[in-house]
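Given next are the chains, with one letter for each unit.
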Amino acid sequence: YIIFKSSKLYKIVNAVERYKNYPKQARRIGAEGLAILQVSVDAQGRVTVSSLHKSSGQASLDSATRELGEKLAGLDTGVRGAAFSVRVPVEYKLK
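Definitions and cut-offs
Residues numbered from 1 in each chain as written. Predicted model: local features only at pLDDT ≥ 70, side-chain atom pairs only at ≥ 80, totals over all residues. Heavy atoms only, no water. Core = buried A, V, L, I, M, F, W, Y, C linked by side-chain atoms within 4.5 Å. Buried < 20%, exposed > 50% of the residue type's maximum accessible area, 1.4 Å probe, protein only. Helix = DSSP H or I, 4+ residues; strand = E, 2+ residues; numbered from the N terminus. Contact = heavy atoms within 4.5 Å. Arc of directions from axis to C-beta. Pairing = 2+ DSSP bridges. Axes fitted to C-alpha atoms, helices over the stretch in contact; angles between N-to-C directions. Salt bridge = Lys/Arg side-chain N within 4 Å of Asp/Glu carboxyl O. Expected span 1.5 Å × (residues − 1).

A.B. asks: Would you mind going over the nonpolar core with me for this structure?
C.D. replies: Most often, soluble globular proteins have nonpolar side chains that are buried together. One finds Ile12, Val16, Val39 and Leu72 to be the most contacted residues of the largest nonpolar core, which totals 21 residues. Looking at this core, the elements that each hand over two or more residues are helix 1 (10-19), strand 1 (33-41), helix 3 (59-72) and strand 3 (84-92). Not counting the four nearest positions on each side in its chain, Val39 is found in contact with Ile12, Val47, Val49, Ser50, Leu72, Phe84, Ser85, Val86 and Val88.

Given below as structure tokens:
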């Protein structure tokens, strides 16, 4: 699930990191996990819909991932020509 910064999909990964919210309740209980967000992009390069592809195993983290997906709607990825879908890892890890 590594997407390099030089990738054309960097805008999606950057937006995921910018909008990701680690729920306070999850932090309090020490919850960590990796959720996979399915992101659909239209032929004009805009994010049309996102959904939870794989659960992190923690309900609060999954909910935060779904909310994150909603914030991506309309994002211009800069990738044009054909509609596509990509799976983006969303990692919740306490430092």
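A.B. asks: What am I meant to see in helix 1 here?
C.D. replies: Residues spaced three or four apart along an α-helix face the same direction, because each turn holds 3.6 residues. Taken together, the buried positions of helix 1 are occupied by Ile12, Ala15 and Val16. An end-on view of helix 1 places all buried positions within 105° of arc, on one side of the element. Buried residues along helix 1 sit against strand 1, helix 3 and strand 3.

A.B. asks: What am I meant to see in the sheet that holds strand 1 here?
C.D. replies: The pairing of strands in a sheet happens through backbone hydrogen bonds and is either parallel or antiparallel. Judged by pairing direction, the sheet is antiparallel, and its three strands sit side by side in the order 2-1-3 without closing on themselves. Strand pairing shows two members of the sheet lacking a second neighbour, strand 2 (47-54) and strand 3, which therefore form its edges. Put simply, the sheet's adjacent strands are angled 25° from each other on average, direction ignored. Lying on the sheet, helix 3 is in contact with strand 1, strand 2 and strand 3; it crosses strand 1 at an angle near 25°.

A.B. asks: Which parts of the structure should I look at to understand the pattern of salt bridges?
C.D. replies: Where charged atoms of side chains with opposite charge meet at close range, the side chains can pair. Evaluated as defined, the whole model comprises two salt bridges. Residue Lys20 is joined to Glu17 by a salt bridge in which the shortest nitrogen-to-oxygen separation is 3.5 Å. Overall, the relative accessible area of 25% leaves Lys20 in the partly exposed class. Two residues, Arg80 and Asp76, come together in a salt bridge whose shortest N-O distance is 2.9 Å. Judged by its relative accessible area of 51%, Arg80 is exposed.

A.B. asks: Would you take a moment to explain helix 3 for this structure?
C.D. replies: Here helix 3 spans 20 Å end to end across 14 residues, near enough to the 20 Å set by a 1.5 Å rise per residue. Within helix 3, burial applies to Ser60, Leu61, Asp62, Ala64, Thr65, Leu68, Gly69 and Leu72. Just downstream of helix 3, Gly74 is the residue with a positive phi angle, here 90°.

A.B. asks: I'm lost on the pairing of strand 1 in this one. Help?
C.D. replies: Two faces, one strand: in a regular strand the side chains alternate between the faces of the sheet. The buried count for strand 1 comes to seven of nine residues, which makes it a mostly enclosed element. Where strand 1 and strand 3 come together, nine bridges link them in antiparallel fashion. Residue pairing across strands places Leu34 opposite Glu91, the latter belonging to strand 3. Bridging between strand 1 and strand 2 involves six bridges; their strand directions are antiparallel.

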